[in-house]
Amino acid sequence: MTHDILIRHGMVIDGTGAKRFQADIALDGDRIAAIGDLRDRAARIEIDATGCIVAPGFIDAHAHDDIALLAEPDMPSKVSQGCTTVVIGNCGFSAAPLTPRASYPDDFLLGDESYYRFPRVADYFAALRETPAAVNAAALVGHSVLRVECMGELDRPANAGEIAAMGARLREALADGALGFSTGLEYPSNKAADTDEVVALARVAGEMGAVYTTHSRNYDAQFREALLEALEIGQRAEVPVVLSHHQGDGPENVGHTAWSLPMIDEARGSQLVGLDVYPYNAAATIIDPAFVLSASKVLISSSQPHPEMAGRELDDIAREWGIDRDAAALKLAPGGAIYFCQDEADVQRILAFPPTMIGSDGLPGGEINHPRLWGSFPRVLGHYSRDLELFDLETAIHKMTGLTASRFGLIDRGKLAVGAYADVTVFDPETVIDRATFAKPSEPSLGIRFVAVNGALVWRDGIATGARPGRPLPRQTRLAPQSLSSLKPLQLAAF
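These numbers were taken from a predicted model, which means no experiment stands behind them.

Colleague: Can you help me understand the pairing of strand 3 (residues 31-36) in this one?
Modeller: Residues in a regular strand point their side chains to alternate faces of the sheet. Bridge count for strand 2 (residues 21-28) against strand 3 is five bridges, and the pairing is antiparallel. Among the inter-strand pairings, Ala-26 is bridged to a residue of strand 3, identified as Ala-34.

Colleague: I tried to follow the nonpolar core on my own but got confused; where do I start?
Modeller: One broad rule of soluble globular proteins: the nonpolar side chains tend to lie buried together. In terms of nonpolar packing, the biggest core is built from 118 residues, with Leu-69, Tyr-124, Phe-181, Tyr-212, Tyr-339, Leu-381 and Phe-427 touching the most fellow members. The leading source of residues in this core is helix 6 (residues 195-207), at six residues. Among residues more than four places away in sequence, those in contact with Tyr-339 are Asn-281, Ala-282, Ala-283, Thr-285, Ile-286, Ile-287, Asp-288, Phe-291, Val-292, Ala-295, Lys-297 and Val-298. Membership of the second largest hydrophobic core comes to 19 residues, among which are Ala-23, Leu-27, Ile-32 and Val-54.

Colleague: Where do I start with the sheet that holds strand 14 (residues 297-303) in this structure?
Modeller: In any sheet, the strands associate via hydrogen bonds between backbone groups, in a parallel or an antiparallel arrangement. The three strands are arranged 13-15-14 in an open sheet whose pairing can be described as antiparallel. Across the chains shown, the open sheet's two edge strands, defined by having one partner strand only, are strand 13 (282-286) and strand 14. The mean angle between the axes of side-by-side strands here comes to 20°, regardless of whether they run parallel or antiparallel. In terms of strand pairing, strand 13 meets strand 15 (residues 335-340) through five bridges, oriented antiparallel. By the bridge assignment, Thr-285 is partnered in strand 15 with Ala-337.

Colleague: Sorry, what's going on with the side chain of His-306 here?
Modeller: The residue His-306 is located in the loop between strand 14 and helix 10 (314-321) in this model. Ignoring any residue separated from it by four or fewer positions in sequence, one finds His-306 in contact with Trp-321, Lys-331 and Leu-332.

Colleague: Any chance you could explain the environment of Leu-299 here in plain terms?
Modeller: Looking at the element boundaries, Leu-299 is found in strand 14. Look at Leu-299 and you get buried, because its relative accessible area is 11%. If we skip the residues at most four places from it in the chain, Leu-299 touches Gly-311, Arg-312, Glu-313, Ala-337, Ile-338, Phe-340 and Phe-438.

Colleague: Sorry, what's going on with the packing of helix 5 (residues 160-175) against helix 6 here?
Modeller: Angle between the axes and distance between the axes: these two values describe a pair of packed helices. Helix 6 packs onto helix 5 with a crossing angle of 25° between their chain directions and a minimal axis gap of 10 Å. In terms of their interaxial angle, helix 5 and helix 6 are classed as roughly parallel. Crossing handedness for the pair helix 5 and helix 6: right-handed. Seen from helix 5, the contacting residues are Ile-163, Met-166, Gly-167, Leu-170, Arg-171 and Leu-174; seen from helix 6, they are Glu-197, Ala-200, Leu-201, Val-204, Ala-205 and Glu-207. Class assignment for the residues of the contact of helix 5 with helix 6 results in eight nonpolar, one polar and three charged.

Colleague: What is the right way to read the pairing of strand 18 (residues 448-453) from this model?
Modeller: The buried count for strand 18 comes to five of six residues, which makes it a mostly enclosed element. Inspection of the sheet shows strand 17 (residues 424-427) paired to strand 18 by four bridges, in the antiparallel sense. By the bridge assignment, Phe-427 is partnered in strand 18 with Ile-448. Here four bridges tie strand 18 to strand 19 (residues 456-460), and the two strands are oriented antiparallel to one another. What sits directly across from Val-451, in strand 19, is Trp-459. From the end of strand 18 to the start of strand 19, which pair antiparallel, there are two residues, and Asn-454 there has a positive phi angle of about 50°.

Thresholds, definitions, all that
- Residues numbered from 1 in each chain as written.
- Predicted model: local features only at pLDDT ≥ 70, side-chain atom pairs only at ≥ 80, totals over all residues.
- Heavy atoms only, no water.
- Pairing = 2+ DSSP bridges.
- Helix = DSSP H or I, 4+ residues; strand = E, 2+ residues; numbered from the N terminus.
- Core = buried A, V, L, I, M, F, W, Y, C linked by side-chain atoms within 4.5 Å.
- Buried < 20%, exposed > 50% of the residue type's maximum accessible area, 1.4 Å probe, protein only.
- Contact = heavy atoms within 4.5 Å.
- Axes fitted to C-alpha atoms, helices over the stretch in contact; angles between N-to-C directions.
- Parallel < 35°, antiparallel > 145°, perpendicular 65-115°, else oblique.
- Left-handed = near helix turned anticlockwise from the far one by under 90°.
- Nonpolar A, V, L, I, M, F, W, Y, C, P; charged D, E, K, R; others polar.

Everything listed here is a matter of coordinates, which is why it stays silent on function.
Printed below as a string of structure tokens:
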């Protein structure tokens, strides 16, 4: 028998959390054809994985690549670190559904406004099929986008008619294949929404077997209250909740994991709750004086009125201008910044928490960016798993693959099994490491040897192949309802 690709002599970690085992893996078309002793088989392409780990392709649980998939379809930031699927539309921002318009709010994070041209999620998926990217994409629907689409002004809660209009648009998007509904309740275009508005929309997601993901209302002074609100929304809407980039910002939240993780764990006894985290103690988002308060250092990544200040620290700019840092932030906005605001020990406890998935939260575009866009997954494998021994590789890979696939209902992804999609990453466990830094945030990682997406090689020995076999991944299954009484043990374990 001759296969398309045969990966020989590798150590397989299959994404389920099970122990590694020695095996060859054969790929035919877009599926895994065989796993085992395949020494008598041949293939058009043979890969020697001696000394390497063969794993499912990594799934970025929290990405902002909605526009990058179309603008930079080779997706080097993702394939270079072993990612084969991205979950997009996070933090309340998505490329669809949004009818083109003359202007957009300043806090829209995704990039060039010319790409906001998809009135339906079906239109966005059609564009990805017409001009494929190197990786797969699973899409959430952003609350901010629904508010812009259905409301005149955004500085107030929606009224009943507007909520009904947003609900109809959300229902249509979920029917088109979106995985769920996301909020970014800390952002200007989203923060005026009250809890009842969010519950009404999250309930639509729950009714359709989708998921609710949330960038909570606050991560600093009102962090506890915001976390409680996120859990309340899930309970009232009867929808699975994913807590986006779980973190506590500022000195008042150092050590928050002593209460926040037990709170989440307790909630998991009566509702479906998951969470993701990026493996760094600095955040990156829009320039906002409210975020400046909790940061020990702020690095400006971009500024529309003062582009010459990109790459400089906010305190230095404020001194140069003779004003305080809040006034300087207002003068620099709109733009982007990196906020050094989290405790490393808390980051490590969140990473080690069993339900935690790995997400990059990377923001493509801009001259200065956060290294998480290029380095998150090798950083977990090399720095946290190998060097700090925070968890073994089986656990690390499960957090990047099988756990994420089950959380979002991605069928036949996130695992190495006969018949599963041929999304595969081969890496050297001794050398894998992130090289992206805050000074050089776009440095490719080391140790990622081969990456296949739907059976086609997209990364080979440090070079992108130019192949673009990625697909939109419409929702194929209904997630379990919120009530524990209807859950089977495996479904509960998956969450």
